[in-house]
Amino acid sequence: MALTNAGRNQFAAAIIGDSTTDFSNANAMIGAGNSSGAFAASQTDLQGASTQRIAMDATYPQRVANVLTFRSTFSTSQGNFQWLEWGVFNTSNATGTMLNRAIESLGLKTSAQSWQITSTLTVNAA
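Residues numbered from 1 in each chain as written. Predicted model: local features only at pLDDT ≥ 70, side-chain atom pairs only at ≥ 80, totals over all residues. Heavy atoms only, no water.

Novice: How would you sum up the sheet that holds strand 3 (residues 51-55)? Please name residues and give values.
Specialist: Across the sheet, which stays open at both edges, the 5 strands sit in the order 1-7-6-2-3 with antiparallel pairing between neighbours. Two strands bound the open sheet, and with one partner strand each, they are strand 1 (2-3) and strand 3. The pairing of strand 1 with strand 7 (residues 98-108) spans 2 bridges and is classified as antiparallel. The residue bridging Ala2 from the neighbouring strand is Arg101, located in strand 7. (Pairing = 2+ DSSP bridges. Helix = DSSP H or I, 4+ residues; strand = E, 2+ residues; numbered from the N terminus.)

The following block contains the structure:
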């Protein structure tokens, strides 16, 4: 999983109190897609022809010290395609910020399954 330029900028803006859209329970989502295309920090959305974003589970995201945890559950009717990428977003539409993107083959999700995806981001000092 890699941080996008937009995600990096979101952190910087939040630190100085610039107006941003929070990655709160009301806004944050995890999206899954079917592209295995290479990551580029300049990307602002998933790259797949099939993608879907799902809201956070209750009580997520969570923060313990410098560790952020995001979690969404895709129901039997959601995200039914090959999962090759995923990311964390702060809105359901393309105008929001993609915090990060991971290229990872997680398998073929079908309507017979509910899948839960958890993303953990650790913010470290250099």
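Back to the write-up after that little detour.
Novice: Run through the packing of aromatic side chains, naming residues and quoting values.
Specialist: The geometry of an aromatic ring pair is captured by two quantities: the separation of the ring centres and the angle between the planes. Inspection of every chain in the model, using the stated rule, returns 3 aromatic pairs. With a centroid separation of 4.6 Å and 65° between ring planes, the pair formed by Phe74 and Trp83 is classed as edge-to-face. Of the two residues, Phe74 and Trp83, neither departs from the other in class, the shared state being buried. Residues Trp83 and Trp115 carry aromatic rings whose centres are separated by 4.8 Å and whose planes lie at 75° to one another, so their mutual orientation is edge-to-face. (Phe/Tyr/Trp six-rings, centres within 6.5 Å; stacked < 30°, edge-to-face > 60°. Buried < 20%, exposed > 50% of the residue type's maximum accessible area, 1.4 Å probe, protein only.)

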